[in-house]
Amino acid sequence: MISGIPELRTVLEPEARAWLDTAVDRIIADPTAIGALFPAVRRRCGRARIDGHWTIDEAARAVLLTALPLHDPALTETVGALHRHGDPAEQRAVLRALPLIDDEGRFLFLVRETLRGNDTTLIEAALGPYAARHLPDDEYRQAVLKCVFYEIPLSRVAGLDERADAELARMLADFARERIAAGRAVPEDITPVIRAFAPADDRPAALDGAS
Amino acid sequence: MRIFDPHIHMTSRTTDDYEAMFAAGVRALVEPAFWLGQPRTSPESFYDYFDSLLGWEPYRAAQFGIQHFCTIALNPKEANDPRCMPVLDELPRYLAKDRVVAVGEIGYDSMTKEEDEALARQLQLAIEHELPALVHTPHRDKEAGTRRTLDVVRESGIAPELVVLDHLNELTVSMVLDSGCWAGFSVYPKTKMSEDRMVRIIQEHGSDRVLVNSAADWGRSDPLKTRKTGLAMLAAGFAADEVDKVLWRNPVAFYGQSGRLDLDPVLDEPKPDESATYQGNSIKRGGE
Ligand SMILES: [Zn+2]
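Predicted model only: the values in this text are computed from it and were never measured. (Residues numbered from 1 in each chain as written. Chains lettered and ligands numbered in written order. Predicted model: local features only at pLDDT ≥ 70, side-chain atom pairs only at ≥ 80, totals over all residues. Heavy atoms only, no water.)

**Quick word on the overall build of chain A**
- Helix and strand counts for chain A stand at 13 helices and zero strands.
- Along the three orthogonal principal directions, the C-alpha set of chain A runs to about 65 × 35 × 25 Å.
- The proportion of buried residues among the 211 residues of chain A is 53%.
- In chain A, the proportion of contacts linking residues at least 24 apart, taken out of those at least 6 apart, comes to 62%. (Helix = DSSP H or I, 4+ residues; strand = E, 2+ residues; numbered from the N terminus. Buried < 20%, exposed > 50% of the residue type's maximum accessible area, 1.4 Å probe, protein only. Contact = heavy atoms within 4.5 Å.)

Set out below in structure tokens:
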């Protein structure tokens, strides 16, 4: 099994495992078969959570995506159509599987489309290792700020340790000042970034008092 | 009182409605694809609408503790516009989705040839996808229209227990229940059906295969009519268990036939989405 996808054999019921094996064989023989198989995964395999990153349906859909015997432009077209025609569960699976099927950033258009939306479950799925590796600096900073607005914990945003910089710290410090002025709470998880990069004289004073 | 509204158009309703519905006991609902008031002039605007019934609207509902499912179809009114007909070819893609628990709303509006074809084709789609069908009965010429609808349902070969005929009244209820189909009633502030009439119908015909909905939409309507009907039933002497059957167990049994009514066993915890509850995400109120 491709690295990055958790070991599904131990968590799937025998019937679900057989269905998934057959689905993979069918996709290898005829990649267009994925169109009907992809939406059926959750009903066939389940949707329980496996670990902090994957649910069963997302991992099983990732298995189908990595089975596609396609290269560009057919791969981008097929995966793009699965996302375009997918419900949110299917779209989350596509977003989580991106680092397994592409290492050149060809699917950034899917990440960008998701980041324009409001569904926090999709935004979170879009901000995994793929976005951390490929999103340009300015877009990555905007995405982090959007997470703060949407109360998505920053611990769920991939790559923050490597990609946080002085500009992001300034944006977060400005956000904190705005919140403090409005008498609203400042999320605690932004202070490490501010402390690491913003000069001490450019930090909201209230933050230095906090924990 | 736990309530499942089997027919309500939440796309047209506000977050105040969601809050009031949760407070009234609504924990799950089905939003049928329907006419939006303003005619659509291209198939693409249907696809964006279907996507929102599968994406944004369930997300919005979940923030208020309500589980949202939908039915997908080309509605009878717009089946008369040749520009919208290509939608029929794209329906299978949507009928494959997890939260789609029936084909609907289909049925007659003006009983045209085009509506005949759209109804028959979509009943076949329900059979192929092993889904129930939500069939609306016409507002004008209702009795003849209901009779004709039952004929088409019979000719299609779909099992009657997989079909609900909706917006029924005193004159159409018997023929529908006799056919083996389910009987749906839309309780409305002025037209269609009132709580008290609804109570009398259940007294006379019983509560088997009966669904009560608010059918609330962008017109003058009331998303709390389900609860008001439950209260009217209690006031008329029905037991709480009978109210629970009509307002919860019946819709669960009908849409459960899809095999896709994946209801959360815990009903009283509002949460954005099952995947977001991991590590306890907070409840959010949408846009920036
Ligand atoms: Zn309706």
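**Looking at the pairing of strand β5 (residues 133–136) of chain B**
All names here are of chain B.
- Residues Ala133 and Val135 point to one face of β5 and Leu134 and His136 to the other, with burial holding for every one of them.
- Pairing geometry for strand β4 (residues 100–107) and β5, over four bridges, is parallel. Looking at the pairing, valine 103 lines up with alanine 133 of β5.
- In this sheet, strand β6 (residues 163–166) lies alongside β5 in parallel orientation, the contact comprising four bridges. Residue pairing across strands places valine 135 opposite leucine 165, the latter belonging to β6.
- Between β5 and its parallel partner β6, the chain crosses via helix α7 (residues 142–156), and the hand of that crossover is right-handed. (Pairing = 2+ DSSP bridges. Right-handed = clockwise from strand over helix to strand, strands pointing away.)

**Thoughts on the nonpolar core**
- Judged by nonpolar contacts, the single largest core of 74 residues is most densely connected at Leu64, Leu65, Leu98, Val111, Leu127 and Leu135 of chain A.
- Here this core gets eight residues from one element, more than from any other, and that element is helix α3 (residues 56–67) of chain A.
- Sequence-distant contacts of leucine 98 of chain A, defined by excluding residues within four places in its chain, comprise Phe107, Leu110, Val111 and Tyr130 of chain A.
- Core analysis: the next-biggest nonpolar cluster, separate from the first, contains 71 residues, Tyr47, Cys70, Ala79 and Ala118 of chain B among them. (Core = buried A, V, L, I, M, F, W, Y, C linked by side-chain atoms within 4.5 Å.)

**Overview of the packing of aromatic side chains**
- Across all of its chains, the model carries 12 aromatic pairs over all chains by this definition.
- Each ring, one from phenylalanine 4 of chain B and one from tyrosine 255 of chain B, has its centre 6.2 Å from the other, and the planes form 15 degrees; the classification is stacked. Of the two residues, phenylalanine 4 of chain B sits in strand β1 (residues 3–5) while tyrosine 255 of chain B sits in helix α11 (residues 240–256), which places them 251 residues apart along the sequence.
- With a relative accessible area of 0%, phenylalanine 4 of chain B lands in the buried category.
- By relative accessible area, tyrosine 255 of chain B is classed as buried at 0%.
- The aromatic ring of tyrosine 140 of chain A is capped on one face by arginine 163 of chain A, whose charged end is 4.5 Å from the ring centroid.
- Directly above the aromatic system of tyrosine 47 of chain B lies the positively charged group of arginine 93 of chain B, at a separation of 5.7 Å from the ring centroid. (Phe/Tyr/Trp six-rings, centres within 6.5 Å; stacked < 30°, edge-to-face > 60°. Lys NZ or Arg CZ within 6 Å of the ring centre and 35° of its normal.)

**Observations concerning the side chain of histidine 68 of chain B**
Residue and element names in this part refer to chain B.
- Inspection of the secondary structure puts histidine 68 in strand β3 (residues 67–72).
- Accessibility expressed as a relative area gives 1% for histidine 68, which makes it buried.
- Reaching out from histidine 68, the side chain makes a polar contact with the side chain of glutamate 31 at a distance of 2.9 Å.
- Apart from the residues lying within four places of it in its own chain, the contact partners of histidine 68 are Tyr18, Leu29, Glu31, Leu53, Glu57, Pro58, Ala61 and Arg99. (Polar contact = N/O pair within 3.5 Å; in protein donor to acceptor, adjacent residues only side chain to side chain.)

**Description of unusual backbone geometry**
- The omega torsion across aspartate 72 of chain A and proline 73 of chain A is 5 degrees, close enough to zero to call that bond cis.
- Locating proline 73 of chain A in the fold gives a position in the loop between α3 and α4 (74–84).
- Residue glutamate 105 of chain B is reached from glycine 104 of chain B by a cis peptide bond, and omega for that bond is -15 degrees.
- Within the secondary structure layout, glutamate 105 of chain B lies in strand β4.
- The phi dihedral of glutamate 130 of chain B is positive, around 55 degrees, even though this residue is not glycine.
- With respect to the helices, strands and loops of the structure, glutamate 130 of chain B is situated in the loop between α6 (113–128) and β5.

**A look at helix α9 (residues 137–149) of chain A**
All names here are of chain A.
- For α9, which comprises 13 residues, the first-to-last C-alpha distance of 19 Å matches the rise-based estimate of 18 Å (1.5 Å per residue) to within 8%.
- Every buried residue belonging to α9 is among Tyr140, Arg141, Ala143, Val144, Leu145, Lys146, Cys147 and Val148, and all of these are buried.
- Where the residues of α9 are buried, they touch α6 (108–116), α7 (120–126), α8 (129–134), α10 (160–163) and α11 (166–181).
- Glutamate 151 sits one or two positions beyond α9 and adopts a positive phi of about 60 degrees. (Expected span 1.5 Å × (residues − 1).)

**Details of the confidence of the model for chain B**
- In the predicted model, chain B carries a mean pLDDT of 92, and the fraction of residues at 70 or more is 93%.
- Under the prediction, the complex receives an ipTM of 0.85, its pTM being 0.89. (pLDDT = per-residue confidence, 0-100.)

**Notes on the pattern of salt bridges**
- Here the structure, examined in full by the defined rule, presents 40 salt bridges over all chains.
- With a shortest N-O distance of 2.8 Å, aspartate 98 of chain B and arginine 43 of chain A are connected by a salt bridge. Of this pair, aspartate 98 of chain B sits in the loop between α5 (87–95) and β4 while arginine 43 of chain A is found in helix α2 (residues 34–45), placing the two residues in two different chains.
- With its nearest N and O atoms 2.8 Å apart, the salt bridge here joins arginine 96 of chain A to glutamate 58 of chain A. One end of the pair, arginine 96 of chain A, is in helix α5 (residues 88–101); the other, glutamate 58 of chain A, is in helix α3, with 38 residues separating them in the sequence. Here the two residues arginine 96 of chain A and glutamate 58 of chain A agree in accessibility, since each one is buried.
- Ionic contacts of the salt-bridge type, sharing partners, join the residues Arg42, Arg43, Asp57 and Arg61 of chain A together with Asp98 of chain B into one network. (Salt bridge = Lys/Arg side-chain N within 4 Å of Asp/Glu carboxyl O.)

**Notes on the packing of α6 of chain B against α7 of chain B**
Residue and element names in this part refer to chain B.
- The interhelical angle for the contact between α6 and α7, taken along N-to-C directions, is 45 degrees, at an axis separation of 10 Å. In terms of their interaxial angle, α6 and α7 are classed as oblique. In the crossing of α6 with α7, the sense of the turn from one axis to the other is right-handed. Along its contact with α6, which presents Asp116, Leu119, Leu123, Gln124 and Ile127, the element α7 presents Arg148, Val152, Val153 and Ser156.
- Here the residues of the contact of α6 with α7 are counted per class, giving five nonpolar, two polar and two charged. (Axes fitted to C-alpha atoms, helices over the stretch in contact; angles between N-to-C directions. Parallel < 35°, antiparallel > 145°, perpendicular 65-115°, else oblique. Left-handed = near helix turned anticlockwise from the far one by under 90°. Nonpolar A, V, L, I, M, F, W, Y, C, P; charged D, E, K, R; others polar.)

**Some remarks on the coordination of the zinc ion**
Residues and elements named next belong to chain B.
- Donor atoms from the polypeptide that coordinate the zinc ion comprise His7 (NE2), His9 (NE2) and Glu105 (OE), at 2.1 to 2.2 Å from the metal.
- Within one chain, the residues serving as donors to the zinc ion are arranged as H-x1-H-x95-E. Of the two residues, histidine 7 and histidine 9, neither departs from the other in class, the shared state being buried. (Donors = N, O, S within 2.8 Å, 3.2 Å for Na, K, Ca; no water.)

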